[in-house]
Structure formats: C-alpha cells, structure tokens
Amino acid sequence: MARTFDSPRHDALREFLVRKRKEAGLRQIDLAKRLKHRQDYISYVETGQKLVEVVELMEWAEALGFDPRDAIKALAKIRK
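What counts, and at which threshold
Residues numbered from 1 in each chain as written. Predicted model: local features only at pLDDT ≥ 70, side-chain atom pairs only at ≥ 80, totals over all residues. Heavy atoms only, no water. Buried < 20%, exposed > 50% of the residue type's maximum accessible area, 1.4 Å probe, protein only. Helix = DSSP H or I, 4+ residues; strand = E, 2+ residues; numbered from the N terminus. Arc of directions from axis to C-beta. Contact = heavy atoms within 4.5 Å. Core = buried A, V, L, I, M, F, W, Y, C linked by side-chain atoms within 4.5 Å.

(A) Inspection of helix H4 (residues 54-64) at higher detail. The complete set of buried residues in H4 reads Glu56, Leu57, Trp60, Ala61, Ala63 and Leu64. Take H4 and look down its axis: the buried residues cluster within an arc of 165°, on one side only. Exposed residues on H4 whose side chains face more than 90 degrees from its buried face are Val54, Val55 and Glu62. Tucked into the core, H4 has its buried residues touching helix H1 (8-23), helix H2 (28-35), helix H3 (39-46) and helix H5 (68-76). Count one or two residues on from H4 and you reach Gly65, which has phi positive near 80°.

(B) Looking closely at the nonpolar core. Counting residues in each nonpolar core, the largest one holds 20 residues, and the members touching the most others are Leu17, Trp60 and Phe66. Looking at this core, the elements that each hand over two or more residues are H1, H2, H3, H4 and H5. When residues in this core are grouped by element, the largest group, 5 residues, is from H4. If near-sequence neighbours (up to four positions away) are discounted, Trp60 is found in contact with Leu17, Leu31, Leu35, Tyr41, Ile42, Val45, Glu46 and Phe66.

This is how it looks when you write it as structure tokens:
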C-alpha cells in the first residue's frame, strides 16, 4: 500500500495532534523541546508535510499526556 499525504485518516491524525498540543497549552516550540526536535519538525507534521509513524505517535502521546490508542481508535472510524 502506498503512503499518502492526502488521506482522510492522515488529515484526522494531524488535527488530533494539533488539538492535543493546544489542549496541553503548548506552542510548537514547547513541544519540540519536549520531543528533542526542532520546531520545524512539529510544523511539518501539523501541516501534513510529514507522515507520522507509530513510534512518533507514541512519543507525541508521552509528551502531551494522552493515550496513543485514543488516536488510533479515532482514525479507525474514518473511511479510507
């Protein structure tokens, strides 16, 4: 299966991650520091220029304080 940046599930994951970051009261630079990445990495993920791998999702979940299974459950409800 080809990886795509233009899919409903990818869009939903990006929206989920942005919402969780904002709920945590963090700016992109704050999250970047927690993840030990540069701010542009956060921007690339949030704007859809980078796909998120499972391990990255787990790291974001730890940094933002949510259960990564919640993201997967939400995505599973979305049609391909």
